[in-house]
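Analysis of the macromolecular model
Now for the letters of each chain:
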Amino acid sequence: MTKKRVIKIVIAVVIVGVLIGSLSVISFVKFGTANFVATSYGLYKVMFTDTELVAISDNPTVIIGKPNATIDEYVLENGGYVAESAKQLGAMYIYSNGNNEVHILYSTNGYYAKWVWQD
């Protein structure tokens, strides 16, 4: 291998590394998960298909969905939780199944909605 070819390969590897690192940081800051592949795939499914909700992370649970979607059915099917409207604090939704409470932070924009489970 020539010296120029080695330099080109090193530069390409550095560029790819910076790109992957940047995408991971953006995904972590905006969605709470560094897995930019899951985030990108979830956004694609929500924005360009009929899919209402997509879970992009399990710890903490992060779900993205269509801007007008609701997670009431999702939490009911996954743990038997129902909304506690009297305890809601702004964008912090509280769901209870009688034994446990789940606090979920909700945000939305014109393209997607995001629900993040809080500890």
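Considering the pairing of strand 1 (residues 53-58)
Here strand 1 pairs with strand 2 (residues 61-65) via five bridges, running antiparallel. Looking across to strand 2, one finds that Ala 55 is bridged to Ile 63. Hairpin connection, strand 1 to strand 2: the antiparallel pair is bridged by two residues.

Brief notes about the packing of aromatic side chains
One pass over the full model with this rule turns up five aromatic pairs. Here Tyr 44 and Phe 48 contribute two aromatic rings whose centre-to-centre distance is 5.7 Å and whose plane-to-plane angle is 40°, an arrangement assigned as tilted. Of this pair, Tyr 44 and Phe 48 both sit in helix 2 (residues 36-48), four residues apart, roughly one helical turn. Looking at Tyr 44, the relative accessible area reads 45%, which means it is partly exposed. On the basis of an interplanar angle of 80° and a centroid distance of 6.3 Å, the ring pair of Tyr 74 and Trp 117 is categorised as edge-to-face. In this pair, Tyr 74 sits in helix 3 (residues 72-77) while Trp 117 sits in strand 6 (residues 113-118), placing the two residues 43 residues apart along the sequence.

Analysis parameters
- Residues numbered from 1 in each chain as written.
- Predicted model: local features only at pLDDT ≥ 70, side-chain atom pairs only at ≥ 80, totals over all residues.
- Heavy atoms only, no water.
- Pairing = 2+ DSSP bridges.
- Helix = DSSP H or I, 4+ residues; strand = E, 2+ residues; numbered from the N terminus.
- Phe/Tyr/Trp six-rings, centres within 6.5 Å; stacked < 30°, edge-to-face > 60°.
- Buried < 20%, exposed > 50% of the residue type's maximum accessible area, 1.4 Å probe, protein only.

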